[in-house]
Amino acid sequence: MKKVSNPIDEILGRYKPARREDLIPILQEIQEKEGFISEQAIIRVGNHMKLSTTKIYGLATFYDQFRFKPKGLLHLVVCNGTACYLNGAGAILKKIREELGIEPGETTRDGRFSYDVVTCMGGCSNGPLILVAGEFLTGVKPEDITSILGSLKKNTTSENI
Amino acid sequence: MENLKKYLTEKVLLYDRDVLPAETLRVLQTITREKTEAPVVYVSSGTAGIIAGSNKTAAAVKSYLETVSRDARVVRVGCAGPLNFEPFICVQLPGKNRLFFRNITEEKVDTILDGVFHDDLPAEELVGQQGKRDYGMWPGVPFMEEIPYFALQKRNVLGNCGCYDPESAEEYIARGGYRTFVKTIRYYTHEEVCSIIEKSGLRGRSGGGFNTGTKWKSALASGSQMRYLICNAKESDPGSFADRTILESDPHRLIEGIAIASYAIGATTAIVYLRSGSAIAAERITKAIQNARDYGIIGHNIFSSGFNLDIIVRTEPGAFVCGEETALIASLEGKRGMPRLKPPYPTVSGLMGKPTVINNVETLMNVPLIMENGPDWFRAMGTEGSKGTKVFALSGRGRYQGVVEVEMGTTLRTVVDLLAGGVRDGKNFKAVILGGASGFFLDEKLLDTRIDFDEMSSLGIGMGAGGLVIIDESTCIVDTVKYYMDFIHNESCGKCIPCREGTSRMLEILENVIRKPRSEDSLTTLERFKGVMQLQTIAAVMKEASLCGLGQTAPNPFISALNTFRDEFEEHIFDRKCRANLCRGLRTFSIDVDKCTGCTVCAVRCPENAIYGTRLQPYFIVEEKCSGCGICYEVCKFSAVIIK
C-alpha cells in the first residue's frame, strides 16, 4: 500500500474522480486541515482536477471563507450583525484595526493575531460579541479592546510561538 | 439499543392505525421522559445558550448532582426561543411537571437545585411549568403557554424547540416524529402530496411568497428522470438567526420535511445548504441525518416503498449572494456563486441542468405538520391569502430578543410591543427594520400593518426571511442605512453593473453625508448636495435594472428610510447635525471650563492627542484634530465634556 505523505493528498484521494462540484468541499477541507489555502495546495488541486490554477484561485477569492495566509496564533471572530452593530460593534472593529494594524482576513507580521468579521453569531442579547480561542467575550466595549488584546498577547508569549 | 430500534421501527413507525395502542404509548412516555423515575435536569445547548454560558451551567449541574449524590439525568435540549432567558434549565421531578428557570449561570445552579429538591421553589428565576394539567401539576406555578409571551405566539414550527434532545432520533420518534413521512410514502402518490400542500396554501417563507405546492408540481411535471431538492438554510442576513435556531433545536423535523418534499417531487438527492460559521447547526444536522439513516428513514428503498433518498450537507463558502437561487446552484456546481437570468427557473433547469426545488427551512418545517393534520388545519390559521404562521428573529433594542412565531395576520405592533416588550432602558421607539440588509424601515405609523404577504406587498414592503430589528432614538437612521449599504456593497458579486457600481456610489455618497467636512467652501457643499440628489436616481436604476434580488432590493433600506425619516437625512445634509450624536464626523466636543478639574484623564485617553492643557487647570480640545470618537466624553468623571 502507498503511504499517504501529505494531508492534501489524503483529502484529494477521497475525491476520485474529482468532479467540478467537489472543488468547494475540497478547498473547505484543505482550509480546515491547514488553516489556509497555500499556493502549493492550489497547484496540487489543479493537477488532481485537471483545472487551471487561475480558475481555482478565481473561485476561492470570490468567497469570503477562504484565506490565503495562515491564521494568527490567536484568531478573533468579531460579530458585526445588526444587533451588535447597534450596540457598538463598529467602534470595536475600528479599535481592533487601529490596535493590530491589519484588515479582516489578514494576519499580523509576528503571526500572533488575525481576525474575521461575521454577520451574526446568534448571541444578539449579549452583544457585541467576540469569539477568541473557543471562548465568547460578551458585551465588549470599545475601550476594553486594548486590555483584551494586551492580556491575550501576554498569554501567547508565555506559551510562545 | 438495537432492540429499541427494532421496537420503534415495528411498533411505531410501521404501525398501521393512527392511534398507537396504550401499551406502546407507555413505552414512549418513558423515552420522552413524560413520566420519569429519577429527576431530570434539562440544560439549553443552542449557540445563544452556549454564548451565555450554558456549558458551564451543565458542568455545574453535574458536579452538584455528584456532591449531593443524587441519581438524576442531565439532558441537553435546544433553544426555546427567548434569548434573554439563556442559559435556561428545566427541572423535572418524578411524578411532576417540568419547571422552567431562566438565566441560570453556573453560580446559581446550587441554590436553584437545592430549592427544587427541597420543595422551596426559587421565585425569581422561575418562569413556569411545562406539562399536563391532570398529572404532576405544581400548584401556583403558571403554565408556560399561559404566560403572555408564549400565549401570544402560535408555536407550530418552533413547537419542538427546547423540548427534546436534538441529538436523539429515538426521542423524536417517540414524540410522534417520522410517522407522517412513513405514512406519506406508503399511502400517497407524488401528485397527491403536491396537491395537499398546494391546497393548504403554504407559501415560501423566504420572502418571495410563492405557493409551495404549485412550485413542487411544476418540478414534478418536468419530464426529467433526475430531480433535486435543496433546503436553503443559508440565512446570512445580519440579524437573522431563526433558521439556525431551528437547525440546532429540531433537526429531525427538518429532515422529515425534506424527506416528504423530496418524495413529493420525486427527488432522490436532497441537499442542505448551510451557512458557514454555524458549527453547532452543522454538527447537529449531520448527526441527525446519520441517525435517520440508521433507522432506514433515508437510504435505499425506504421501508420497501421503492423510494430512494440521500441527504447531503454542504456548507456555503461565505457569500451573501449565494442565498439567491441561481447563485446557490452555481456555488453547488463548483463555480463562482453568481446569479443568472431567469427564466429558465430552477424548477425547470436547476442543479446540473436538472429540475430543482429550493425551499427555505421554515417552509419545510411546516410540511410534516400539514401532512399530519391535513390542509384544512393549516388553512384555518392566518389570513385570506397567507396561511399558517411566521417565525421572526427579534433583535436590536427591544427588551426581549429571540425567535418567536405568530399567526399570520397578527399586527407588527403586537410583535414589537408585546413579544419584544417594547424598547429597553426607557428609550423612545424609533423604527423597526423588517427583513435584514435589504429590508425596510417602518415607523410607528406602519406598525399596524398585519403580517400578510399581500397586505405588505401592497404597501411596497416585504418581510424577507423574518429578521426584525428594533431601533430606538439613540440610533442614527443615516448611519444604519450606511451600515446596510456597506454590507451589500461588500457582498455584491460584481456580475451586473447596476448593483456593482450602484452600491459603491450609494455608499460613497452616504459616507460623504456623514463625513467631517475638510473645508466647507461653496463648491464642496454643492458637490455634496448634488450627490444626495443622485442617490434617489441611483436607487431607482438599481431596482429596475439589477440582475438578481440582491441588487434589486439593495436600495430598499435607503428608500424606505428616506420616505419615513426625511427630516433626519435633511438634518445631516443641511444642518450637519446628527440627533443621535452617533455620526462621528458631525460631532465636535468642547470642555466646560467651570466643570473641568484638570484631572488629565481625557488628554491621556485621547487617541488623536487633540486635548491640551496644564494639570489642575481647565483643558481644551483642538477642534481640527478631533475625530469625534467621544472617548473623552465617556471617560470624564465630572461631565465637563460637552457634545456640540
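Rules used throughout
Residues numbered from 1 in each chain as written. Chains lettered and ligands numbered in written order. Predicted model: local features only at pLDDT ≥ 70, side-chain atom pairs only at ≥ 80, totals over all residues. Domains from an automatic or database assignment. Pairing = 2+ DSSP bridges. Helix = DSSP H or I, 4+ residues; strand = E, 2+ residues; numbered from the N terminus. Axes fitted to C-alpha atoms, helices over the stretch in contact; angles between N-to-C directions. Contact = placed C-beta atoms within 7 Å. Buried ≥ 20, exposed ≤ 12 C-beta atoms within 10 Å, placed from the backbone. Arc of directions from axis to C-beta. Nonpolar A, V, L, I, M, F, W, Y, C, P; charged D, E, K, R; others polar.

Now for the domain arrangement of chain A. Each assigned domain of chain A is listed with its residue range as follows: domain 1 (7-62) and domain 2 (74-159). Taking the mean C-alpha position of each, domain 1 of chain A and domain 2 of chain A sit 30 Å from one another.

Residue and element names in this part refer to chain B. Taken together, the four strands give an open sheet; going across it, the order is S8-S7-S6-S9, and neighbouring strands pair in parallel fashion. Either end of the sheet is taken by a strand with one partner, and the two such strands are strand S8 (310-315) and strand S9 (356-360). Going across the sheet, the axis of each strand differs from the next one's by a mean of 20°, ignoring polarity. Inspection of the sheet shows strand S7 (residues 269-274) paired to S8 by six bridges, in the parallel sense. Across the sheet, Ala270 pairs through a bridge with Ile311, a residue of S8. Set on the sheet, helix H12 (residues 251-265) makes contact with strand S6 (228-233), S7, S8 and S9; between it and S6 the angle comes to about 150°. Of the strands in this sheet, S6, S7, S8 and S9 touch helix H14 (residues 325-332), which is tilted by about 115° from S9.

Another aspect to go through is unusual backbone geometry. Across the junction of Lys16 of chain A and Pro17 of chain A, the peptide omega takes the value -5°, indicating a cis bond. Note on placement: Pro17 of chain A falls in the loop between helix H1 (7-14) and helix H2 (23-34). A cis amide bond links Glu86 of chain B to the next residue, Pro87 of chain B, at an omega of -15°. Considering the arrangement of structural elements, one finds Pro87 of chain B in the loop between strand S2 (73-77) and strand S3 (89-92).

Residues and elements named next belong to chain B. Read from one edge of the open sheet, five strands run S11-S10-S14-S12-S13, paired in mixed fashion. Pairing within the sheet leaves two strands with one partner each, and these edge strands are strand S11 (402-407) and strand S13 (440-442). For this sheet the average axis-to-axis angle between neighbouring strands, irrespective of direction, equals 30°. Looking at chain direction, strand S10 (residues 389-396) and S11 are connected through six bridges and run antiparallel.

With that out of the way, let us pick up helix H10 (residues 212-221) of chain B. Residue and element names in this part refer to chain B. Listed in full, the buried residues belonging to H10 are Thr212, Gly213, Lys215, Trp216 and Ala219. The buried side chains of H10 occupy one side of the element, clustering within an arc of 160° when seen end-on. Buried residues in H10 make contact with helix H9 (190-200), H12, S9 and helix H15 (361-373).

This paragraph deals with the domain arrangement of chain B. All names here are of chain B. The domains assigned to chain B are domain 1 (32-151), domain 2 (169-379), domain 3 (389-472), domain 4 (477-575) and domain 5 (588-643). Between the C-alpha centres of domain 1 and domain 2 there is a distance of 33 Å. Between domain 1 and domain 2, the residue contacts involve five residues of the former and nine residues of the latter. In terms of residue class, the side of domain 1 that touches domain 2 is built from one nonpolar, four polar and no charged.

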